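# Overview (structure and organization)
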There are 2 protein chains.
Amino acid sequence: MEDKVILLNFWPSMFGMRTMIALEEKGVKYEYREEDVVKNKSPLLLEMNPIYKKIPVLIHNGKPVCESIIQVQYIDEVWSDKNQLLPSDPYHRAQALFWADFIEKKVFVCGRKTWATKGEELEEAKKEFTEILKTLQSELGDKPYFGGNKFGCMERESVAKSLPDPEKVVGYVLRLKKLYGYE
Amino acid sequence: MEDKVILLNFWPSMFGMRTMIALEEKGVKYEYREEDVVKNKSPLLLEMNPIYKKIPVLIHNGKPVCESIIQVQYIDEVWSDKNQLLPSDPYHRAQALFWADFIEKKVFVCGRKTWATKGEELEEAKKEFTEILKTLQSELGDKPYFGGNKFGCMERESVAKSLPDPEKVVGYVLRLKKLYGYE
């Protein structure tokens, strides 16, 4: 039986992007379905992720896998013959999962704060966001990729030789906010 | 070289409990060090988890592994010869990780709300907490353990044939709150 893979996603999602890069790296053929998460979630999304009702959802032969970090691990295990994403050494694997989780907990939550807040709260969010990006940058150091010289799981977050200047990233987010009329 | 394993913990932590059960199930000898996380974090904790400065931290031959779900995976991989904790089938593994993550995101956050809030907010937290426990209970169904008939990763959360009545759990938390003078 040929594998049937569907990805339910919403294009701006950094979590969906994680899963898409993992599928592309493995050369998995999949059907991409864009979800209207704001106004009209599909019955399939509600059925496949009844707990959170959120994208991305990976559906493999009718069975759902939710949460992007878990999806990346699943994809790495099922299509294990090509382009390993997570290190096989338990310690390096734990480190990769730690930084993926850090991005989930910190970059996403604080990034959202720079969109949703104003005044003093915004100033605080800007500072915090800059610190978070600096932490990631210092972990990356002079290595081309997280974890060493090989493209891997963490590059779902940063497909670049090094991260851009944290101050510039924060400035860019704030310009986007203006551009889209959030200010 | 014999393995040197240290666990930095604070006894009431459900996350620390996860890691302790994993170590015990594997029969790993480890040194338990209680941390005064409220008033006086040890220099070792600050050095080993500089990002979050939180327990539990598992230190294996001098190298730290942080975040309890990642610690359980690490323990399962390093001491793989005994009592497998996570299923080896990728789909069942993804499901186990999903529910462990659900507990992290929901039970902990909402459980804390029942401690920290009063009045209307508390009533809402109680309702939400009850719903979360019901969701877990319906996932467990009539099976003795999450994922089937075998003790596994998810029993870090529930070492019982089935979960207790959700209403009773919420009531118990509220009685504890009173007992410890939080009300």
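Residues numbered from 1 in each chain as written. Chains lettered and ligands numbered in written order. Predicted model: local features only at pLDDT ≥ 70, side-chain atom pairs only at ≥ 80, totals over all residues. Heavy atoms only, no water.

## A short note on the sheet that holds strand β1 (residues 5-9) of chain A
All names here are of chain A. Strand order in the open sheet formed by four strands is β2-β1-β3-β4, and the pairing between neighbours is mixed. Only two strands of the sheet have a single neighbouring strand rather than two, namely β2 (31-34) and β4 (63-66). Ignoring which end each strand starts from, the neighbouring axes of this sheet average 20° apart. Looking at chain direction, β1 and β2 are connected through four bridges and run parallel. Across the sheet, Leu8 pairs through a bridge with Arg33, a residue of β2. (Pairing = 2+ DSSP bridges. Helix = DSSP H or I, 4+ residues; strand = E, 2+ residues; numbered from the N terminus. Axes fitted to C-alpha atoms, helices over the stretch in contact; angles between N-to-C directions.)

## Structural notes on the environment of Lys26 of chain B
All names here are of chain B. With respect to the helices and strands, Lys26 occurs in helix α1 (residues 14-26). Residues Lys26 and Cys66 lie 40 residues apart in sequence; the distance between their C-alpha atoms is 19 Å. Ignoring any residue separated from it by four or fewer positions in sequence, one finds Lys26 in contact with Ile75, Asp76, Trp79, Ser80, Lys82, Asn83, Gln84 and Leu85. (Contact = heavy atoms within 4.5 Å.)

## What to know about the confidence of the model for chain A
Residues and elements named next belong to chain A. On average, residues of chain A carry a pLDDT of 85, and 79% of them reach 70 or more. Note on residues 156-162: pLDDT under 50 across the span, and 18 contacts to partners over four residues away in sequence or across chains. Interface predicted TM-score (ipTM) for the complex: 0.79; the corresponding pTM is 0.81. (pLDDT = per-residue confidence, 0-100.)

## Regarding the packing of aromatic side chains
Centre-to-centre distance and the angle between the planes together describe a pair of aromatic rings. Applying the stated rule across the entire model yields ten aromatic pairs over all chains. Among the aromatic residues, those joined into a ring-pair cluster are Tyr52 of chain A together with Phe98, Trp99 and Phe102 of chain B. Directly above the ring of Tyr91 of chain B sits Lys63 of chain A, whose terminal nitrogen or CZ lies 4.3 Å from the centroid. For Lys105 of chain A, the ring lying beneath its charged end belongs to Tyr52 of chain B, and the centroid distance is 5.6 Å. (Phe/Tyr/Trp six-rings, centres within 6.5 Å; stacked < 30°, edge-to-face > 60°. Lys NZ or Arg CZ within 6 Å of the ring centre and 35° of its normal.)

## Some thoughts on the interface of chain B and chain A
On the side of chain A, 26 residues touch chain B, which itself brings 26 residues to the contact. Of the roughly 2300 Å² buried between chain B and chain A, counting both surfaces, carbon and sulfur atoms make up 69%. Three residues stand out in chain B for area buried against chain A, namely Tyr52, Tyr91 and Phe98 of chain B, and they jointly supply 26% of the buried area on that side. At the junction of chain B with chain A, the criterion picks out four salt bridges. Glu67 of chain B serves as the salt-bridge partner of Lys105 of chain A, at 2.4 Å between the closest nitrogen and oxygen. Summed over the shared surface of chain B and chain A, the number is six residue pairs in polar contact (both at pLDDT 80 or more). At the level of secondary structure, the elements contributing two or more residues to the side of chain B that touches chain A comprise β4 (63-66), α3 (68-78) and α4 (90-116) of chain B. In terms of residue count, α4 of chain B provides more of the side of chain B that touches chain A than any other element does, 13 residues in total. (Buried area = accessible area lost by both parts, 1.4 Å probe. Salt bridge = Lys/Arg side-chain N within 4 Å of Asp/Glu carboxyl O. Polar contact = N/O pair within 3.5 Å; in protein donor to acceptor, adjacent residues only side chain to side chain.)

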